[in-house]
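# Observations on the model geometry
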Amino acid sequence: MGSFERTPEEYATELLGYFEMPRVGDVNSFAKMIGLKVREVPSQTFDGALIRVPNKLKGVVAVRETIRESGKKAFTVAHEIGHFVLPGHGTADCSCTAKDINSWQAHVSRQKEVSANRFASELLLPARSLYEIVSHRKATLALAQEIANEHQTSLTATAIKCVDVTDEACALVWSINNHIEWTHKNDSFWPFIPKTRLDQNSCAGRLFLDHSQPAAEGEVEADVWLCLDNNSDKPTLWEDSLFLPYYNAVLSILTIEF
Ligand SMILES: [Zn+2]
């Protein structure tokens, strides 16, 4: 426990190292290598589930067959592999909803889901290989989508990781119905307090008003997004936002313009 506890990313790196693979490639074949069969099922309730064979290091990953994007399906399988291999995830079967597989904020009640997501993200898209791509490109949602398609991972997971590895000062924001649900920033984006409701001057706020455009980007004043005190410098942000109808959510990348 404590500072010696390994992170979910470190477990993913170790597992890849054990098989001498730079990344998993086909996640279903990888699941098979570690004793898990992947089955597509007509689920109405969960996106992914792990059914363990009692007393054996074997099991079945069930994935909802109607998940449309192949990247999201692969991410769901990798998430269930996370529950299978991460310590402290218990020995009981588990089923995970779309919300679990898109949870990134470490609420106590969802800690295992966040760990499984962080593990899945590193398994499919190791930070080291992502840095090689992102270090000489601007961190945008279009780039995240391109990388997600190539590496069979989800858009949100990829965007979070782009924010983590880029040299730019970036933050990612997830909003539902004009309410900011969670944010994820890198160290270069200074300490900040995001607002709780979207400002109508943000591109994200406009996307909720008018769904005819799926994406919007542009320069915005920092106080459109952040609670700043009067004395602080007010830089300009570049906002890149995308409406995701499946979640009725908007995903935004904010980058400080220097
Ligand atoms: Zn889960």
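Residues numbered from 1 in each chain as written. Predicted model: local features only at pLDDT ≥ 70, side-chain atom pairs only at ≥ 80, totals over all residues. Heavy atoms only, no water.

### Notes on the coordination of the zinc ion
Applied cut-off: Water is not among the atoms examined, so metal sites may look incomplete; donors are the N, O and S atoms within 2.8 Å of the metal, or within 3.2 Å for Na, K and Ca. For a four-donor site, all angles between 85 and 135 degrees give tetrahedral; for four or six donors, opposite pairs above 155 degrees with the remaining angles between 65 and 115 give square planar or octahedral; all remaining cases count as irregular. We count a stretch as a helix when DSSP gives it H or I for four or more residues in a row; a strand needs E for two or more, and each element gets its number in order from the N terminus. Each residue is placed in one exposure class: buried if its accessible area under a 1.4 Å probe, protein chains only, is under 20% of its type's maximum, exposed if it is over 50%, and partly exposed if it falls in between.
Around the zinc ion, the protein supplies H79 (NE2), H83 (NE2), C96 (SG) and E113 (OE) as donor atoms, at distances of 1.9 to 2.2 Å. Here the zinc ion binds four donor atoms, and the angle range of 92 to 126° at the metal identifies the geometry as tetrahedral. Counting residues between consecutive donors of the zinc ion along the chain gives the motif H-x3-H-x12-C-x16-E. With H79 and H83 both in helix α3 (residues 70-85) and four residues apart, this pair spans about one turn of that helix. Across the pair, H83 and H79 agree in class, each one buried.

### Some details on unusual backbone geometry
Positive phi values are uncommon outside glycine, yet N55 reaches one of about 65°. Even without being a glycine, N248 presents a positive backbone phi close to 50°. By the element assignment, N248 lies in the loop between β8 (236-244) and β9 (249-257). For N248, a relative accessible area of 27% puts it in the partly exposed group.

### Remarks on helix α4 (residues 111-124)
Where we set the bar: How far a helix is expected to stretch is found by multiplying one less than its residue total by 1.5 Å.
Here α4 spans 20 Å end to end across 14 residues, near enough to the 20 Å set by a 1.5 Å rise per residue. For α4, the set of buried residues is E113, V114, S115, A116, N117, F119, A120, S121, E122, L123 and L124.

### Comments concerning the nonpolar core
Rule in force here: For our purposes a nonpolar core is just a set of buried Ala, Val, Leu, Ile, Met, Phe, Trp, Tyr and Cys residues, chained together by side-chain atoms within 4.5 Å. These domain limits were set by an automatic method or by a database of domain assignments. Throughout, a contact is declared for two residues whenever any of their heavy atoms are within 4.5 Å.
Judged by nonpolar contacts, the single largest core of 52 residues is most densely connected at I81, L123 and L172. Per element, the largest residue contribution to this core is seven residues, and it comes from helix α7 (residues 155-165). A domain-level breakdown of this core finds at least three residues from each of domain 1 (2-124) and domain 2 (127-257). Not counting residues within four places of it along the chain, the set of residues in contact with L123 comprises A12, L15, L16, R23, V24, F30, A78 and I81. Counting residues in each nonpolar core, the second largest holds 20 residues, with A171, A204, A222 and L226 among its members.

### A word on the environment of H83
Filter applied, for reference: Polar contact is defined as a pair of N or O atoms within 3.5 Å, subject to the rule that within protein one atom must be able to donate a hydrogen and the other to accept it, and that residues adjacent in sequence are counted only when both atoms are side-chain atoms.
By relative accessible area, which is 3% here, H83 ends up buried. For H83, the residues in contact, after removing those within four places along its chain, are L50, R52, H89, C94, C96, K112, E113 and A116. Within the structure, the side chain of H83 is placed 3.1 Å from the side chain of H79, a separation counted as a polar contact. In this structure the side chain of H83 is engaged in a polar contact, spanning 2.8 Å, whose partner is the side chain of H89.

### Here's the deal with a positive patch on the surface
Formally: Patch membership needs two things, relative accessible area over 30% and no salt bridge, and members are linked within 9 Å if like-charged or within 5 Å if nonpolar (Val, Leu, Ile, Met, Phe, Trp, Tyr). Method for areas: the Shrake-Rupley scheme with a 1.4 Å probe, in which residue coverage is limited to the protein chains shown. Take a side-chain nitrogen of Lys or Arg and a carboxyl oxygen of Asp or Glu: if they are within 4 Å of each other, that pair is a salt bridge. Positive: Lys, Arg. Negative: Asp, Glu. His and the chain ends are not part of the count. Taken as the charge centre is NZ of Lys, CZ of Arg, CG of Asp or CD of Glu, depending on the residue.
Residues K32, K37, R39, K56 and K58 make up a contiguous surface patch of positive charge. Looking at the secondary structure, you find R39 in strand β1 (residues 36-41).

### Quick look at the sheet that holds strand β7 (residues 215-221)
Within a sheet, adjacent strands bond to each other through the backbone by hydrogen bonds, running parallel or antiparallel. Threshold: Two strands are said to pair when DSSP picks up at least two bridges between them. Note on geometry: axes are lines fitted to C-alpha atoms, helical ones only across the stretch in contact, with angles between N-to-C directions running from 0 to 180 degrees.
The antiparallel open sheet is built from five strands, whose spatial order is β6-β5-β9-β8-β7. The sheet terminates laterally at β6 (179-185) and β7, the two strands that pair on one side only. Neighbour-to-neighbour, the strand axes of the sheet open up by a mean angle of 20°, direction not taken into account. Both strand β5 (residues 170-176) and β9 contribute to a ladder of seven bridges, which runs antiparallel. In the sheet register, S175 faces β9, and the bridge partner there is V250.

### Description of the state of the cysteines
Our working definition: Cysteine sulfur atoms are paired as a disulfide whenever they come within 2.5 Å of each other.
The final tally for this structure, using the stated rule, is zero disulfides. Note on C162: no disulfide assigned, nearest cysteine sulfur contributed by C170 at a separation of 8.8 Å. Residue C162 is classed as buried on the basis of its relative accessible area of 1%. The thiol sulfur of C227 is not disulfide-bonded, and the nearest other cysteine sulfur, from C203, lies at 19 Å.

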